[in-house]
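Chains, contacts and geometry: an overview
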Amino acid sequence: KAGVTQTPRYLIKTRGQQVTLSCSPISGHRSVSWYQQTPGQGLQFLFEYFSETQRNKGNFPGRFSGRQFSNSRSEMNVSTLELGDSALYLCASSSGGTNEKLFFGSGTQLSVL
Amino acid sequence: QKEVEQNSGPLSVPEGAIASLNCTYSDRGSQSFFWYRQYSGKSPELIMFIYSNGDKEDGRFTAQLNKASQYVSLLIRDSQPSDSATYLCAVKGDILTGGGNKLTFGTGTQLKVEL
């Protein structure tokens, strides 16, 4: 079974631009979560999508948004990029039930210059 | 107070020794507990999960959970240099209170296994 696939692997953007990251979950998984990882803050929850609906949201500004498609693939978008948005963005998938385990993709390393 | 707390380390142990990694959490309603291993430059990899009080063993790994003390630990027996990594403790809240699939992570403990 293929794992969680994230594209692109690396991105370099400048302040003010916007970016879209993509995540394909493990086949059969309906839940996709997004996390931001930085050296200072560690892993922080952005949001979770299940069956195309946002089920949970973390404490990030509205510049961070996401969506999920009918095939469970998900995208997240960051608008008006700031230097502080430089981070590793990780996507995790699970089947979506209670106590389900999350499996992470390799992440997208975003650098904002 | 952080929701999930871990000692950042580094924790240094000699090869073959037992490594003990600890984690405390603040939400008494938390239901599921996970340990992830993260090598430098890689994504987190799930190595253990535990839902009930007590011990759970899987190979060289043992997870221990004490909900009354809000404490979860990971023991690594016969530590190997390849175990050198950052270990992340993650906690999932009660789905009835909105936990869903949201994991709250500690900042991780860096483990170094020395030859």
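See the structure printed just above.
Let me begin by describing the structure that accompanies this report. (Residues numbered from 1 in each chain as written. Chains lettered and ligands numbered in written order. Predicted model: local features only at pLDDT ≥ 70, side-chain atom pairs only at ≥ 80, totals over all residues. Heavy atoms only, no water.)

What follows deals with the side chain of Ser31 of chain A. As for its placement among the helices and strands, Ser31 of chain A is situated in strand 4 (residues 31–38). One polar contact links Ser31 of chain A to Glu48 of chain A, side chain to side chain, over a distance of 2.7 Å. Setting aside its immediate chain neighbours within four residues, Ser31 of chain A contacts Glu48, Tyr49, Phe50, Arg55, Ala92, Ser93, Ser94, Ser95 and Gly96 of chain A together with Asn101 of chain B. (Helix = DSSP H or I, 4+ residues; strand = E, 2+ residues; numbered from the N terminus. Polar contact = N/O pair within 3.5 Å; in protein donor to acceptor, adjacent residues only side chain to side chain. Contact = heavy atoms within 4.5 Å.)

Moving on, we get to the state of the cysteines. Disulfide: a covalent bond formed between the sulfur atoms of two cysteine residues. All names here are of chain B. Scanning all chains against the criterion turns up two disulfides over all chains. A sulfur-sulfur distance of 2.1 Å marks the disulfide that ties Cys23 to Cys89. Disulfide Cys23-Cys89: the torsion about the S-S bond is -70°, which places it as left-handed. Remark: Cys89 occurs in strand 9 (residues 85–92) and Cys23 occurs in strand 3 (residues 19–25); sequence separation between them is 66 residues. Overall, the relative accessible area of 0% leaves Cys89 in the buried class. (Disulfide = S-S within 2.5 Å. Buried < 20%, exposed > 50% of the residue type's maximum accessible area, 1.4 Å probe, protein only.)

We now examine the interface of chain B and chain A. Taken together, the contact between chain B and chain A spans 21 residues of the former and 23 residues of the latter. Between chain B and chain A, roughly 1700 Å² of surface is buried when both sides are summed, and carbon and sulfur atoms account for 53% of that area. Between the two partners, chain B and chain A, sit zero salt bridges. The interface formed by chain B and chain A contains four residue pairs in polar contact (both at pLDDT 80 or more). Elements that contribute at least two residues to the side of chain B that touches chain A include exactly strand 4 (32–38), strand 5 (45–50), strand 9 and strand 10 (103–105) of chain B. The element best represented in the side of chain B that touches chain A is strand 4 of chain B, accounting for four residues. When the residues that make up the side of chain B that touches chain A are grouped by side-chain class, the tally is ten nonpolar, nine polar and two charged. (Buried area = accessible area lost by both parts, 1.4 Å probe. Salt bridge = Lys/Arg side-chain N within 4 Å of Asp/Glu carboxyl O. Nonpolar A, V, L, I, M, F, W, Y, C, P; charged D, E, K, R; others polar.)

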